[in-house]
Every structure is written in C-alpha cells, then in structure tokens.
Protein chains: 2
Amino acid sequence: MIQFTKNTIQDLPKINRLNLINSCTGYKSANLIGTKSKDGKTNVAIFSSITHLGSDPALLGFILRPATVPRNSYSNLKETGCFTVNHVTEEIITQAHQTSAAYDYGVSEFDITGLNEVYYDGIYEPFVANSPVQILCKYVSEYVIKENNCIHILASIEKIFCNEDLITKDNWLQLEKGNVVTINGLDGYCLPKLLDRFEYARPNTKTKSMLKNGAQKS
Amino acid sequence: MIQFTKNTIQDLPKINRLNLINSCTGYKSANLIGTKSKDGKTNVAIFSSITHLGSDPALLGFILRPATVPRNSYSNLKETGCFTVNHVTEEIITQAHQTSAAYDYGVSEFDITGLNEVYYDGIYEPFVANSPVQILCKYVSEYVIKENNCIHILASIEKIFCNEDLITKDNWLQLEKGNVVTINGLDGYCLPKLLDRFEYARPNTKTKSMLKNGAQKS
C-alpha cells in the first residue's frame with residue numbers, strides 16, 4: 001500500500017491534490033442541477049455531491065463551493081425557491097462535463113452544450129430532456145461549513161419524474177436500467193452494473209439476496 | 001414518465017418510500033467506517049453518505065441518522081477522535097451489507113461478518129483488510145440538521161493508504177482497478193466501469209477526453 005500523510009498531501013501540486021482528495025472518498029452521484037432566474041435565464045450545471053438526507057420528510061443536500069462556477073445555480077434557486085435534479089446518463093457525459101466550464105452570467109449551458117430543456121405543466125424550472133430521473137426540489141435551508149466556507153444546501157423533494165423502466169415493485173429505482181452514471185473524482189465518468197441486492201440485514205440471520213425472488217423486476 | 005408527487009410519496013408504504021427516496025438521488029459511495037472504543041471494542045459499519053467537502057484542507061463529511069444502528073461508530077469516534085474509512089469491493093459486499101444489522105453494543109461486526117481488521121503502526125483504529133483505499137480521519141466538528149435531527153459529521157483526512165494499482169500519474173485514484181463498488185438505494189451494490197475521463201472544462205473549448213493520452217495509466 002502507498003501511504004499519503006497529511007504533509008505529503010499538502011505538498012502535492014494543486015491538481016494532483018485535487019485529484020487524490022476528490023477520488024479518495026469513493027464514487028459520487030452525477031446530477032445536473034437546472035435553474036431559471038426570475039428574468040428567465042436558464043442554467044444547468046453538474047454536481048457530484050447530492051446526497052440523500054432523509055425520507056420522511058424527503059430531503060436531499062448538496063455542497064456549494066464558495067468561489068466556483070455554479071454560483072448562478074445558487075442565485076437562481078434562491079430567487080425562485082426551486083431547482084431540478086436530473087440524472088446524468090452514459091449518452092450525455094460529454095455535455096454534462098462541459099457544464100462545469102466557467103461561462104459568463106447570462107450564458108445558458110443549455111444553449112452551449114446541446115443539452116435540451118424540457119418543462120412540465122405548472123413548473124417554472126427547466127429539466128434536462130431524456131434524463132431518466134428528474135426531481136423538482138424546493139430550497140429549505142443552508143448550513144455554512146465554517147471550516148472552509150462551503151454551503152450545505154438542504155432541499156425538499158417535491159416531485160419525482162421517472163422512466164417507468166427503472167421502477168421495481170417495491171419502488172426502488174434500478175439506475176442501471178436508465179444508464180445512469182457515477183463520478184470518480186473530478187472528471188471520471190463510470191457506468192455501474194448491478195451485482196446484487198440484499199434484504200434488510202438482521203443479527204444472526206444470513207445475508208440474503210433479493211434477486212432470486214424477482215424483487216428487482218418492474 | 002411516471003410522476004410521484006409529494007402526496008403520493010407520503011402515502012407510499014414505508015419500505016417503498018425508503019426505497020424510492022434513497023435511490024432517487026443517484027449512486028452513492030460505499031464505505032466501511034472502522035472505530036474502536038477507548039476500552040478496545042472494535043466496530044465496523046457501512047455508510048453510503050461519505051462526501052468530499054474540500055481539498056485544502058482535505059475534508060470529508062457523512063450523515064448520521066439520529067436513531068439508527070451505527071451510533072456505536074459515533075460514540076467510538078467521539079471517544080478517540082478518529083475513525084477509518086475503507087472502500088467496499090466486489091468481494092466483500094455481502095459482509096459489508098451485514099454490518100448494517102442492529103448488533104448489540106459490544107458485539108464487533110469484525111467478529112460476526114468475517115471482515116478482517118488490519119492495523120498500521122501508531123494508529124489505534126482498525127482498518128478493513130484488503131480494502132484498496134483506506135483513510136484515517138480525525139473528527140473536526142458536527143452540524144445538527146435541525147430539519148430532521150441528522151448529524152453532519154466533518155472530518156479531516158489524516159492519512160490515505162492506497163493500493164498502488166489504483167494511482168495514476170496525476171494522483172487520481174482509478175477506483176475500478178480496485179473493484180470498488182457503489183450503492184444504489186439502501187441495498188443495491190453495483191460495480192462501475194470507466195467510460196471516459198475528461199480534461200478540465202473551459203468555455204469555447206471542445207470537451208476533451210484524457211484517455212487518449214494515457215493519463216489514466218499508472
């Protein structure tokens with residue numbers, strides 16, 4: 001095993017340190033956050049920090065870095081109170097990655113990258129067309145992480161639009177059926193395949209696969 | 001597209017709601033957190049919420065639910081100030097999932113599940129043997145999420161032990177080379193394969209793959 005100490009990490013060239021620390025926590029979610037300012041400017045940006053926070057009420061969170069690109073997303077979602085979360089699929093990884101470029105305010109990444117907007121009745125914010133899982137979220141609160149001035153945004157899940165093929169009988173979304181990707185570090189895009197799904201674990205009970213009884217079939 | 005509204009989500013049977021909300025945010029990291037109490041009792045538990053929080057200083061965070069199993073992890077890491085993060089590989093998904101069972105305090109999941117402890121010189125906390133990425137973390141602070149009483153734990157990355165095969169020239173850890181898995185929902189374990197890795201995105205510059213120039217080779 002190679003060992004990196006706090007000092008060797010600190011002494012790495014900046015890009016190397018970013019690569020190491022961004023990849024050492026494991027695979028990350030790959031989502032496009034869609035927003036629209038009050039005056040109608042759309043914005044879409046990739047995030048890899050969206051995390052489940054609770055199911056009742058249904059909450060998610062994500063991390064916003066203080067000085068980086070997706071501040072348009074932040075100002076828009078604060079203006080309208082809502083944003084959309086759209087899963088990235090194998091087919092759009094190039095366009096999704098390009099949304100991380102530092103475009104000037106007022107430039108819509110939808111126009112630039114070739115990602116398409118789609119709208120649902122009664123919802124102001126844009127979704128990403130053909131994304132197999134699309135979520136409408138409402139801003140709830142934010143926690144400033146004082147250690148590095150990042151902002152942890154909390155939002156409630158208001159609506160979920162999902163491709164029927166992904167939904168199993170027990171309402172699990174089988175992401176591989178939508179070619180949903182995961183992110184390795186800052187810039188690696190990976191396609192997962194399901195190995196197994198297990199029943200709820202209990203002490204003194206053998207870990208049991210669910211796949212044999214067809215629970216993953218929709 | 002199937003639509004779930006806030007009301008239909010609320011009205012789902014509990015397990016179905018847990019499945020839907022836990023899987024709708026995308027793929028999650030799969031990590032085993034290792035701890036040891038002051039009186040020498042070890043503990044290992046699976047977490048899917050570990051998220052990169054910053055690279056300078058190197059910080060990560062994870063979410064602790066108020067009333068669930070891995071409270072032993074919390075009391076141990078508060079006692080000693082440290083814990084370990086170990087990536088879950090394809091080979092140990094069954095054992096890793098079994099650590100989520102509600103064992104009595106004092107029962108070590110290492111003894112029960114067949115996962116093996118490994119120790120490094122000068123470090124009190126146990127690592128999971130054969131995990132290709134193992135991180136020593138130091139507790140920094142915690143933020144109580146008042147909306148649902150979850151705790152967002154912040155920790156600094158003190159040391160990283162990594163299988164040499166995963167490390168590229170630019171210090172990116174190519175997780176697929178260690179058979180690292182990702183989690184879909186509460187109970188689905190998936191193995192990702194790298195599709196592509198892209199250069200830093202800039203406006204008016206075509207998204208460019210890194211794989212053609214061998215940057216992913218170690």
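Residues numbered from 1 in each chain as written. Chains lettered and ligands numbered in written order. Predicted model: local features only at pLDDT ≥ 70, side-chain atom pairs only at ≥ 80, totals over all residues.

**A look at the overall build of chain A**
Part 1 of the argument: The helix and strand tally for chain A stands at five helices and 13 strands.
Part 2 of the argument: On C-alpha atoms alone, chain A measures out to a radius of gyration of 19 Å, which is about the 17 Å that the 2.2 N^0.38 rule sets for 218 residues.
Part 3 of the argument: Seen through its principal axes, chain A has C-alpha atoms that stretch 55 × 55 × 30 Å.
Part 4 of the argument: Sequence-distant contacts in chain A: of pairs separated by 6 or more residues, those separated by 24 or more amount to 59%. (Helix = DSSP H or I, 4+ residues; strand = E, 2+ residues; numbered from the N terminus. Rg over C-alpha atoms; globule rule 2.2 N^0.38 Å. Contact = placed C-beta atoms within 7 Å.)

**Quick word on the relation of the copies chain A and chain B**
Part 1 of the argument: Aligned on chain B, chain A shows an RMSD of 0.0 Å; the corresponding rotation is 180° and the shift along the axis is 0.0 Å. Within this description, the copies of the chain are treated as partners about a two-fold rotation axis. Residue Pro192(A), judged by its C-alpha, is the member of chain A lying nearest the rotation axis, at 1.8 Å.
Part 2 of the argument: The overlap is high: 100% of the interface residues of chain A also sit at the interface in chain B, so the same surface is used on both sides. (Least-squares fit on C-alpha atoms with pLDDT ≥ 70 in both.)

**Examining helix α3 (residues 71-80) of chain B**
Residue and element names in this part refer to chain B.
Part 1 of the argument: Regarding α3, the residues found buried are Asn 72, Ser 73, Asn 76 and Leu 77. The buried residues of α3 occupy one face: seen down the axis, they fall within an arc of 120°.
Part 2 of the argument: As for α3, its buried residues are in contact with β3 (31-36), β4 (42-47), β7 (82-87) and β10 (133-145). (Buried ≥ 20, exposed ≤ 12 C-beta atoms within 10 Å, placed from the backbone. Arc of directions from axis to C-beta.)

**Looking at the interface of chain A and chain B**
Interface size, as often reported, equals the accessible area lost upon joining of the parts.
Part 1 of the argument: With 95 residues of chain A in contact, the opposing surface of chain B contributes 96 residues.
Part 2 of the argument: Among the elements that take part in the side of chain A that touches chain B, strand β13 (residues 188-197) of chain A stands out by supplying ten residues, more than any other.
Part 3 of the argument: By the bridge criterion, nine bridges tie β13(A) to strand β13 (residues 188-197) of chain B in an arrangement that is antiparallel. In the strand pairing of β13(B), Lys193(A) is matched with Leu191(B). (Pairing = 2+ DSSP bridges.)

**Brief notes about the pairing of strand β6 (residues 58-64) of chain A**
Residue and element names in this part refer to chain A.
Part 1 of the argument: Taken across its seven residues, β6 has seven buried, putting it largely inside the fold.
Part 2 of the argument: Direction of pairing for strand β5 (residues 51-55) relative to β6: antiparallel, over a ladder of four bridges. Residue pairing across strands places Gly 54 opposite Leu 59, the latter belonging to β6.
Part 3 of the argument: Both β6 and strand β11 (residues 150-162) contribute to a ladder of six bridges, which runs antiparallel. Residue pairing for β11: Leu 60 is matched across the bridge by Ala 155.

**A short note on the sheet that holds strand β2 (residues 28-29) of chain A**
Part 1 of the argument: Pairing in this open sheet of six strands is antiparallel, and the strands run β2(A)-β12(A)-β13(A)-β13(B)-β12(B)-β2(B) from one edge to the other. For this open sheet the edge positions go to β2 of chain A together with β2 (28-29) of chain B, each flanked by a neighbour on one side alone.
Part 2 of the argument: Summarising the sheet, strand β12 (residues 182-184) of chain B and β13(B) pair through three bridges and their orientation is antiparallel. Note that in β13(B) the partner of Thr182(B) across the bridge is Cys190(B).

**What to know about the confidence of the model for chain A**
Part 1 of the argument: Per-residue pLDDT for chain A averages 94, and the proportion of residues at 70 or more is 95%.
Part 2 of the argument: Across the whole predicted complex the pTM is 0.95, and at the interface the ipTM reaches 0.95. (pLDDT = per-residue confidence, 0-100.)

**Describing unusual backbone geometry**
Part 1 of the argument: Between Asp56(A) and Pro57(A) the backbone carries a cis peptide bond, its omega angle lying at 5°.
Part 2 of the argument: Its place among the elements puts Pro57(A) in the loop between β5 and β6.
Part 3 of the argument: Not every positive phi belongs to a glycine, and Asn179(B) is a case in point at roughly 55°.
Part 4 of the argument: Here Asn179(B) shows up in the loop between β11 (150-162) and β12.
Part 5 of the argument: Under the C-beta neighbour-count criterion, Asn179(B) is labelled partly exposed, with 16 such atoms within 10 Å.
Part 6 of the argument: Of note, Asn204(B) is a non-glycine position whose phi angle comes to about 60°, a positive value.
Part 7 of the argument: Mapping Asn204(B) onto the fold places it in the segment after β13.
Part 8 of the argument: The exposure class of Asn204(B) is exposed, given the 7 C-beta atoms found within 10 Å.

**Details of the environment of Ile46(B)**
Part 1 of the argument: Structurally, Ile46(B) is set in strand β4.
Part 2 of the argument: Not counting residues within four places of it along the chain, the set of residues in contact with Ile46(B) comprises Leu32(B), Val88(B), Ala96(B), His97(B), Thr99(B) and Ser100(B).

**Focus on the environment of Cys137(A)**
All names here are of chain A.
Part 1 of the argument: For Cys 137, the location among the structural elements is in strand β10 (residues 133-145).
Part 2 of the argument: Here Cys 137 falls in the buried class, since 26 other C-beta atoms lie within 10 Å of it.
Part 3 of the argument: Separated by 55 residues in sequence, Cys 137 and Cys 82 place their C-alpha atoms 5.6 Å apart.

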